[in-house]
Amino acid sequence: MTPSPLTRVFLVDDHRLFLSGVRTELAGRVDIVGEAVDVESAVEGIRNSGPDVVLLDVHLPGGGGRAVIEAVHRTHPAVVFLALSVSDAAEDVIAVIRAGARGYVTKTIAAGELAQAVERVHDGDAVFSPRLAGFVLDAFAGDLPPGASLDPELDQITPREREVLRLLARGYTYKEIARRLQVSIKTIETHVSSVLRKLQLSSRHELTRWATDRRLV
Amino acid sequence: MVAGVCAGVARWVGIDPIVVRLAVCILALGNGAGLVFYLVAWAVLPEEAATDGETAAAAASPSTRRSSELALAVGCITLGALLLVRWITPFFPDHVVWPAVVAATGIGLVLARAGDSDRARWREAATRLPGNPVEALRGGWMVWVRVLVGAVLLIAGIGFFLASNEALGAVGNVGIAVLATILGGALLFSPWVARLVRQLGEERRERIRNEERADMAAHLHDSVLQTLALIQRHADAPQQARSLARRQERELRAWLYDGRSSREDAPGALATALDGVADEVEADHGVAVDVVVVGDCALDEHVNALVAAVREAVLNAARHSGAAEVSVYAEVAGGRIEAFVRDRGRGFDPAAVNGDRRGITLSIVRRMARHGGRAHVNSAPGEGTEVTFDLALEAESQS
């Protein structure tokens, strides 16, 4: 047996029905190396199977997707996470991104797009849903308050990044954005990765608030 | 050194054992205080071993063991600290230090057992809420012995202090003795009071949680279960089933995140209106409408016109494009609203379309123009369609 050329993917979701649905949808497009339904088994399974990408549900019994990312990254910092959830709440999305996920997509995403998103995070790029792009635009709206002890490099997005985010929020794909702005897809990916980095490290008030406001449900 | 006392103390305090050992050695060489400290600590420590044996054998909760260690640590730290203070300053003569040490050890012992009064027993007796520690401690004679020894040590410490202190002795006042005893009692009982308060709080939280759960169950029954039943009946009509599912999803989302929306500063006027548009079109046409709104503003005549125009464009996309999904994006920034309605459907050539589509397009463009805004339709066959809207806020349409 030769090693599979497909991306090795680990699925984490507490809804078995959803797990089997994703497994069927992704069959043939990626190599699914394992599944888990809670935080503890997910951390163990990921450490044992060493996947390229983990498709991670935001809501999980035992601490949520964030706990999985934090635990796995302590020992295996190279594992890449793509968050997947029905929740569109800023608190959930931002929290899991700031914990280290490389992207966020909603569960209604089509199979082809999901496989594409997996490849994209595997290649080290970021995946933004229109909703996430909207959150970022909201959070980075306006100038930095004067006198704030913020890092302008981290706490502000460039006009070009804003342009890319707006197109993402309008439902454009990377390819469409690249064509529209007459740059390469790689350039768009660089912009989005840069925004992801700011999203994870910035101390903008909205981001820190969203990242800490955990909801009950 | 001999009995592992230093290592134990170091573990509680969280520093290197060597530091503790050095300190004890210096104290021992200095005036013998270190030696006394070591012996007293040793006398206390075997109790920990016994406790460990008990809990380990019963595979009891680690918290039990921890609190007992913690209490012993309190005793030993007080002891060590007092001895150290006594060694470096002349203000603490023997007859202050030793009573304090004895009392601290007593408190340590009692606290240790307080920790051991199993949470399980508390939970089981949660409604009875024992008024005194003794009731909570009906678990084995060992507990009794320890509490007794601790209390005796504490009282002896206080008594010793009163008896040996010349100034207080001279007063010979019963009041002070009573006061001191009450103080000792308060020290002894405060952990239980604190725990009582905490447990009451936990109980209340649990009750609130239960009420919330009941609320949620009622809601789920009224909406989600009904919709699921409807979906099952429409299983052979995927379009209808999908639109039912989408509508329920939207409703549930609104209910779940109601009042905790990320746009809490403004009363979500524009965003709510656009969500309403999406809701309506999804329900009527079975097309998914994704709405992303950045910023928000209140509705006025002109903003309402924009919402109506957006609705027209979304409806148009739902009816004619053939796409299963329509994206709506609106941004309020810099005194203006920009909105985009996009689909990946079949598209058309805006310059050469039949009357019907032209009519719709014109109605959108004219409507916006009447309110001082602009609309533009961007489309090409096979490319999908995007309608862009632009409206200056508080613009005077008559000017």
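Treat the numbers as computed from the prediction; the structure is a model and nothing was measured.

Quick notes on the overall build of chain B
Part 1: Assigned secondary structure in chain B consists of 14 helices and five strands.
Part 2: Looking at chain B residue by residue over its 399 residues, the buried ones come to 39%.
Part 3: Within chain B, contacts between residues separated by at least 24 positions form 69% of all contacts whose residues are at least 6 apart in sequence.
Part 4: Just so you have it, chain B exposes about 21,400 Å², and 62% of that area is on carbon and sulfur atoms.

A short note on the overall build of chain A
Part 1: When you go through chain A residue by residue, the secondary structure sums to 11 helices and five strands.
Part 2: Relative to its 217 residues, chain A shows a buried fraction of 51%.
Part 3: Partitioning the intrachain contacts of chain A with sequence separation of at least 6 by distance along the chain shows that 67% fall at a separation of at least 24.
Part 4: When the accessible surface of chain A is totalled, it reaches about 9,500 Å², and 53% of it is carbon and sulfur.

Regarding the interface of chain A and chain B
Part 1: Facing the 28 residues of chain A at the interface are 24 residues of chain B.
Part 2: Taking both partners together, chain A and chain B bury about 2,100 Å²; carbon and sulfur atoms supply 43% of that area.
Part 3: Where chain A touches chain B, the interface holds seven salt bridges.
Part 4: Counting the contacts that link chain A with chain B gives nine residue pairs in polar contact (both at pLDDT 80 or more).
Part 5: Breaking the side of chain A that touches chain B down by element, the ones donating at least two residues are helix 4 (90–99), helix 6 (130–139), helix 8 (159–169), helix 9 (174–181) and helix 11 (205–212) of chain A.
Part 6: Residues of the side of chain A that touches chain B, tallied by class, amount to 11 nonpolar, five polar and 12 charged.

Considerations on unusual backbone geometry
Residues and elements named next belong to chain A.
Part 1: The backbone of Gln182 shows a phi angle near 55°, a positive value even though the residue is not glycine.
Part 2: You can see Gln182 is positioned in the loop between helix 9 and helix 10 (185–201).
Part 3: Judged by relative accessible area, which is 73%, Gln182 ranks as exposed.

Thoughts on helix 13 (residues 301–321) of chain B
Each α-helix winds once per 3.6 residues, and so residues spaced three or four apart point in a common direction.
Part 1: The first and last C-alpha atoms of helix 13 of chain B sit 29 Å apart over 21 residues, in line with the 30 Å expected at 1.5 Å per residue.
Part 2: Where helix 13 of chain B ends, the next residue or the one after it, Gly322 of chain B, has phi of about 80°, a positive value.

Examining helix 6 of chain A
Part 1: Judged by how many residues are buried, helix 6 of chain A sits mostly within the fold: seven of 10 residues are covered.
Part 2: Considered for burial, the residues of helix 6 of chain A that qualify are Leu132, Ala133, Gly134, Phe135, Val136, Leu137 and Ala139 of chain A.

Focus: the nonpolar core
Soluble globular proteins: nonpolar side chains tend toward being buried together.
Part 1: Counting 57 residues, the largest nonpolar core has Ile46, Val68, Phe81 and Phe128 of chain A as the members making the most contacts within it.
Part 2: Counting residues in hydrophobic clusters, the runner-up holds 38 residues, among them Leu270, Val307, Ala339 and Ala375 of chain B.

A short note on the packing of helix 1 (residues 16–26) of chain A against helix 5 (residues 111–122) of chain A
For any two helices packed against each other, the geometry is given by the interaxial angle and the distance between the axes.
All names here are of chain A.
Part 1: Axis separation between helix 1 and helix 5 bottoms out at 9 Å; the angle between their running directions is 80°. In this view, helix 1 runs roughly perpendicular relative to helix 5, as classed from their interaxial angle. Taken together, the residues of helix 5 that come into contact with helix 1 (itself represented by Val22, Glu25 and Leu26) are Ala111, Leu114 and Ala115.
Part 2: Residues of the contact of helix 1 with helix 5, tallied by class, amount to five nonpolar, no polar and one charged.

Overview of the sheet that holds strand 5 (residues 384–392) of chain B
Part 1: One open sheet accounts for five strands, arranged 1-2-3-5-4 (chain B); its pairing is mixed. In this open sheet, the two edge strands, each paired with only one partner strand, are strand 1 (288–294) and strand 4 (373–380) of chain B. Across the sheet, the axes of successive neighbouring strands diverge by a mean angle of 10°, strand direction being ignored.
Part 2: Pairing analysis gives seven bridges linking strand 1 of chain B to strand 2 (residues 325–333) of chain B, with the strands arranged parallel. Across the sheet, the residue bridging to Asp290 of chain B is Ser327 of chain B, located in strand 2 of chain B.
Part 3: Strand contacts of helix 6 of chain A: strand 1 and strand 2 of chain B, with the helix running at about 10° to strand 1 of chain B, the strand carrying the most contacts.

Points about the packing of aromatic side chains
Part 1: Under the defined criterion, the tally for this structure stands at two aromatic pairs over all chains.
Part 2: Here the aromatic rings of Phe189 of chain B and Trp192 of chain B are separated by 6.0 Å at their centres, their planes lie at 55°, and the arrangement is tilted. Residue Phe189 of chain B and its partner Trp192 of chain B are located together in helix 10 (residues 174–233), separated by three residues, close to a single helical turn.
Part 3: Relative accessible area serves as the criterion here: at 7%, Trp192 of chain B is assigned to the buried category.
Part 4: Note on Tyr329 of chain B and Phe340 of chain B: the rings are 6.1 Å apart at their centroids and 20° apart in plane angle, and the pair reads as stacked. Here Phe340 of chain B lies in strand 3 (residues 336–343) and Tyr329 of chain B lies in strand 2, a separation of 11 residues in the sequence.
Part 5: A residue is classified by how much of its surface remains accessible, and Tyr329 of chain B, at 0% relative accessible area, is buried.
Part 6: Above the plane of the ring of Phe340 of chain B lies Arg170 of chain A, whose end atom (NZ or CZ) is 3.5 Å from the centre.
Part 7: Sitting over the ring of Tyr172 of chain A, Arg342 of chain B keeps its end group 4.0 Å from the ring centre.

As for the packing of helix 3 (residues 64–75) of chain A against helix 4 of chain A
All names here are of chain A.
Part 1: Interaxial distance between helix 3 and helix 4 falls to 9 Å at its minimum, and their mutual angle equals 0°. By the angle between their directions, the pair helix 3 and helix 4 is classed as roughly parallel. On helix 4, the residues that touch Arg66, Ile69, Glu70 and His73 of helix 3 are Ala95, Val96 and Ala99.
Part 2: Looking at the contact of helix 3 with helix 4 residue by residue, the class counts come to four nonpolar, one polar and two charged.

Observations concerning the sheet that holds strand 4 (residues 80–85) of chain A
All names here are of chain A.
Part 1: Here five strands make up an open sheet; going across it, the order is 2-1-3-4-5 and the pairing parallel. Of all strands in the sheet, those with a lone pairing partner are strand 2 (31–36) and strand 5 (104–106), marking the two edges. Between one strand and the next, the sheet's axes are offset by a mean angle of 25°, whatever the strand orientation.
Part 2: As paired elements, strand 1 (residues 8–12) and strand 2 share five bridges and run parallel to each other.

Things to note about the pairing of strand 4 of chain A
Residues and elements named next belong to chain A.
Part 1: Burial analysis of strand 4 places six of its six residues in the buried class, which makes it a mostly covered element.
Part 2: Across five bridges, strand 3 (residues 53–57) lies against strand 4 in parallel orientation. Across the sheet, the residue bridging to Leu56 is Ala83, located in strand 4.
Part 3: Pairing analysis gives three bridges linking strand 4 to strand 5, with the strands arranged parallel. Note that in strand 5 the partner of Leu84 across the bridge is Val105.
Part 4: Note on the crossover from strand 4 through helix 4 to strand 5: the handedness is right-handed.

Calculation criteria
- Residues numbered from 1 in each chain as written.
- Chains lettered and ligands numbered in written order.
- Predicted model: local features only at pLDDT ≥ 70, side-chain atom pairs only at ≥ 80, totals over all residues.
- Heavy atoms only, no water.
- Helix = DSSP H or I, 4+ residues; strand = E, 2+ residues; numbered from the N terminus.
- Buried < 20%, exposed > 50% of the residue type's maximum accessible area, 1.4 Å probe, protein only.
- Contact = heavy atoms within 4.5 Å.
- Areas by Shrake-Rupley, 256 points an atom, 1.4 Å probe, with all protein chains shown as cover.
- Buried area = accessible area lost by both parts, 1.4 Å probe.
- Salt bridge = Lys/Arg side-chain N within 4 Å of Asp/Glu carboxyl O.
- Polar contact = N/O pair within 3.5 Å; in protein donor to acceptor, adjacent residues only side chain to side chain.
- Nonpolar A, V, L, I, M, F, W, Y, C, P; charged D, E, K, R; others polar.
- Expected span 1.5 Å × (residues − 1).
- Core = buried A, V, L, I, M, F, W, Y, C linked by side-chain atoms within 4.5 Å.
- Axes fitted to C-alpha atoms, helices over the stretch in contact; angles between N-to-C directions.
- Parallel < 35°, antiparallel > 145°, perpendicular 65-115°, else oblique.
- Pairing = 2+ DSSP bridges.
- Phe/Tyr/Trp six-rings, centres within 6.5 Å; stacked < 30°, edge-to-face > 60°.
- Lys NZ or Arg CZ within 6 Å of the ring centre and 35° of its normal.
- Right-handed = clockwise from strand over helix to strand, strands pointing away.

Distances and angles like these do not, on their own, reveal function.
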